[in-house]
Amino acid sequence: MTIALFSDSYLPTKSGVVTVVVQLQEQLRKLGHRVILVTVETTNEYETYDPDIYRVHSVALGLGTDQYVGIPAMHPLIHFLRDAGVQLIHCHTEFGIGKAGLRAAHILKIPAICTTHTMWTDFYKYYLTFGNLISPKIINGIMKKYYGKFDSLIGVSTKARNYFKQPGMLPQIPSVIIPNAIDKEKFQKHHISEEQKKALRQSYGIKDDEIMMLFVGRIGEEKRVFELLQVCQNVIKKNSRIKMIFVGNGPAFEEIKTKAQEQISEKTVIFPGFIEWTKVSEYYESADIFVTASLSEMHSMTILEAQLSGLPIVVRRDESYLDSVFNDENGYLTDSEEEMEKRILELADDREKRLAFGKRSLEITKRFTIETHIKKTLKVYEEVMKAYPDKIDDIKVMKEIEDY
């Protein structure tokens, strides 16, 4: 099978979308499929020649991000895809490259599907000029117009599927749930030793008997990082053994450091900035508790990474976490920042519970293996191609892939 993946995000950018695209590309190739990647053109060392990577003219998005927006020229793109014998297009973006993927599928008369990675009703206010003046109904309308043109949608969680299945959106468009997954061998090429963990912690002034809490992700308002900072400031006042590390960069990076100036000077809240993906696992393995207050996830890759690292997890309750965080099993789903503080303090004082929760996190990751993810994705590809130009029976396909 020859599949074309269309994405506005690719290496060296670190994001959940990039991880999904890179894993799909590598795993499908391992199984003997040809994978074409249509993505952005950037100026970096990752742009080594690969005959199956087609880069389109792009401009930097800005807005405090390292993202690019592609501006594809359709005629040469169509020529390239036709020569490659592409049989199906799989989009991972709503922007220029995604629209080009839809148009290419129409011209080539092949099916197009899309994975819905982002809940834009939670994001747009932070990244659009005068976003607070735009009604969510307008965003819903834009999403409906774009996604309604696909032959099928892949939702990474129940939350993602339910959003499009709701009345007034796209209940008629087939959609299936395929949760994100982690390529364990790639994420954890090796485990670090206890001495290396100790050295990493000591480099930030964290002692052996202190609690290292961790957040990994974009430092942006949509991730509710300011609310999380307030939680951390409150728990640190109540338990001086707690230290907090925010790994990542983003548009709110300088502002959050300003708000945490007192804790930064006391070395109780730490902002190391962007960490290479190959090094991030060392932070997970050195931590004691993973925390996030984000309510804008579709299916968090960082939660899966934390679980794979054997960490207990404390989050704000959200539908996107319901298949990965379980109360009193591997962490806590909390209904307020106050409850979040309470649960963090409980875990900080109970080493046995932290270890038990971490062990359960590892067990839960067995549901999210890359092998299962690829099998489910290939099943959707096959069913969509078999039915094209008609739509698949998504209920039937859902039942079949649930058995994997």
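Let us look at the structure shown here. From a predicted model like this one, the values you see are computed outputs, not experimental measurements.

What about the overall build of the chain?
Scanning the chain for helices and strands turns up 17 helices and 15 strands. A globule of 404 residues ought to have a C-alpha radius of gyration of about 22 Å, and the chain, at 21 Å, matches this closely. Dimensions along the principal axes, computed over C-alpha positions, put the chain at roughly 65 × 45 × 45 Å. Taken over 404 residues, the chain has a buried fraction of 57%. Of the contacts made within the chain by residues no fewer than 6 positions apart, 68% connect residues no fewer than 24 positions apart.

Digging into the nonpolar core
One finds F6, V38, L81, I89, Y147 and F150 to be the most contacted residues of the largest nonpolar core, which totals 42 residues. Excluding anything up to four places from it in sequence, I89 contacts A4, F6, L81, G101, A104, A105, I110, P111, A112 and I113. Counting residues in each nonpolar core, the second largest holds 33 residues, with L214, I275, W277 and L304 among its members.

Considering helix α14 (residues 337–348)
Its 12 residues give α14 an end-to-end C-alpha distance of 16 Å, which sits within 8% of 16 Å, the value for a rise of 1.5 Å per residue. Of the positions making up α14, those classed as buried are E337, M340, E341, I344, L345, L347 and A348. Taken end-on, α14 shows its buried residues confined to a sector of 160°, consistent with a single buried face.

Describing helix α15 (residues 351–364)
Taking 1.5 Å per residue as the helical rise, α15 with its 14 residues ought to reach 20 Å, and the 20 Å between its terminal C-alpha atoms agrees with that figure. Within the sequence span of α15, burial applies to R354, F357, G358, S361 and I364. The buried residues of α15 occupy an angular sector of 115° when projected down its axis, which confines them to one face. Exposed residues pointing more than 90 degrees away from the buried face of α15 are listed as E352 and K359.

Thoughts on the packing of helix α1 (residues 16–30) against helix α16 (residues 370–387)
Contact geometry of α1 with α16 gives a least axis separation of 11 Å together with a crossing angle of 80°. Between α1 and α16, the interaxial angle falls into the category roughly perpendicular. Within the contact between the two elements, α1 uses Q23, L24, Q27 and L28 and α16 uses I370, I374, T377, L378 and Y381. Tallied by class, residues from the contact of α1 with α16 come to six nonpolar, three polar and no charged.

Things to note about the sheet that holds strand β15 (residues 331–334)
The strands making up a sheet are joined through hydrogen bonds of the backbone, oriented either antiparallel or parallel. The strand order across the open sheet built from six strands is β12-β11-β10-β13-β14-β15, with neighbouring strands paired in parallel fashion. In this open sheet, the two strands that pair with only one neighbour each are β12 (269–273) and β15. With direction set aside, neighbouring strand axes in the sheet form an average angle of 20°. Pairing geometry for strand β10 (residues 211–216) and strand β11 (residues 242–247), over six bridges, is parallel. Residue pairing across strands places M213 opposite M244, the latter belonging to β11. Packed onto the sheet, helix α9 (residues 225–238) meets β10, β11, β12 and β13 (289–292) and runs at close to 160° relative to β11.

Section: the pairing of strand β3 (residues 53–56)
In the case of a regular strand, side chains alternate between the two sheet surfaces. The alternating pattern of β3 places I53 and R55 on one face and Y54 and V56 on the opposite face, and all of these are buried. Examined bridge by bridge, strand β2 (residues 34–40) and β3 share four bridges and lie parallel to one another. From the neighbouring strand, T39 faces β3, where its bridge partner is R55.

What counts, and where the lines are drawn
- Residues numbered from 1 in each chain as written.
- Predicted model: local features only at pLDDT ≥ 70, side-chain atom pairs only at ≥ 80, totals over all residues.
- Heavy atoms only, no water.
- Helix = DSSP H or I, 4+ residues; strand = E, 2+ residues; numbered from the N terminus.
- Rg over C-alpha atoms; globule rule 2.2 N^0.38 Å.
- Buried < 20%, exposed > 50% of the residue type's maximum accessible area, 1.4 Å probe, protein only.
- Contact = heavy atoms within 4.5 Å.
- Core = buried A, V, L, I, M, F, W, Y, C linked by side-chain atoms within 4.5 Å.
- Expected span 1.5 Å × (residues − 1).
- Arc of directions from axis to C-beta.
- Axes fitted to C-alpha atoms, helices over the stretch in contact; angles between N-to-C directions.
- Parallel < 35°, antiparallel > 145°, perpendicular 65-115°, else oblique.
- Nonpolar A, V, L, I, M, F, W, Y, C, P; charged D, E, K, R; others polar.
- Pairing = 2+ DSSP bridges.

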